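# Structure at a glance
One letter stands for each residue in the lines below.
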Amino acid sequence: QVQLVESGGGLVQAGGSLRLSCAASGLTFSNYAMGWFRQAPGKEREFVAAITWSGNRNYADSVKGRFTISRDNAKNTVYLQMNSLRPEDAAVYYCAADFTTRVIAHTGPELYDYWGQGTQVTVSS
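What comes next concerns the included structure. (Residues numbered from 1 in each chain as written. Predicted model: local features only at pLDDT ≥ 70, side-chain atom pairs only at ≥ 80, totals over all residues. Heavy atoms only, no water.)

### Let's talk about the packing of aromatic side chains
- The final tally for this structure, using the stated rule, is 7 aromatic pairs.
- Between F37 and W115, the aromatic rings sit 5.0 Å apart at their centres with planes inclined by 55°, giving tilted as the arrangement. Here W115 lies in strand β10 (residues 114–115) and F37 lies in strand β4 (residues 32–39), a separation of 78 residues in the sequence.
- The buried category is assigned to F37, whose relative accessible area is 0%.
- Look at W115 and you get partly exposed, because its relative accessible area is 28%.
- For R45, the ring lying beneath its charged end belongs to Y94, and the centroid distance is 3.8 Å.
- When the ring centre of W115 is taken as origin, the NZ or CZ atom of R45, which lies over that ring, is 4.8 Å away. (Phe/Tyr/Trp six-rings, centres within 6.5 Å; stacked < 30°, edge-to-face > 60°. Helix = DSSP H or I, 4+ residues; strand = E, 2+ residues; numbered from the N terminus. Buried < 20%, exposed > 50% of the residue type's maximum accessible area, 1.4 Å probe, protein only. Lys NZ or Arg CZ within 6 Å of the ring centre and 35° of its normal.)

Listed below in structure tokens is the structure:
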């Protein structure tokens with residue numbers, strides 16, 4: 001079965017960096033766009049970044065210039081490099097897979113087919 005396993009979350013001071021990873025198995029990774037979403041307590045799950053099978057990237061405005069999404073199709077892994085972290089970035093971060101050939105990845109969570117269990121990111125001020 002399909003599994004997405006996130007890692008790399010933790011506690012970091014404001015201004016610091018973290019790198020999240022998401023290892024995928026049970027699917028043909030190169031057929032999927034991969035996305036990162038986050039959900040803070042009491043808030044809806046929101047789009048953070050996504051990357052298509054061909055490497056086209058899109059970002060939420062709130063993270064542009066600070067976060068970078070990348071993928072390694074040979075390792076079936078997608079990454080999220082997060083720099084200049086702010087307290088408002090604190091959330092559970094989820095990776096998701098979308099079976100699509102779109103040129104630009106979807107931003108709506110309802111359009112993604114598979115989800116990981118999430119990894120907690122905490123940013124202290």
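Having seen the model, we can carry on.
### Considerations on the pairing of strand β3 (residues 18–25)
- Pairing geometry for strand β1 (residues 3–7) and β3, over 5 bridges, is antiparallel. Among the inter-strand pairings, E6 is bridged to a residue of β3, identified as C22. (Pairing = 2+ DSSP bridges.)

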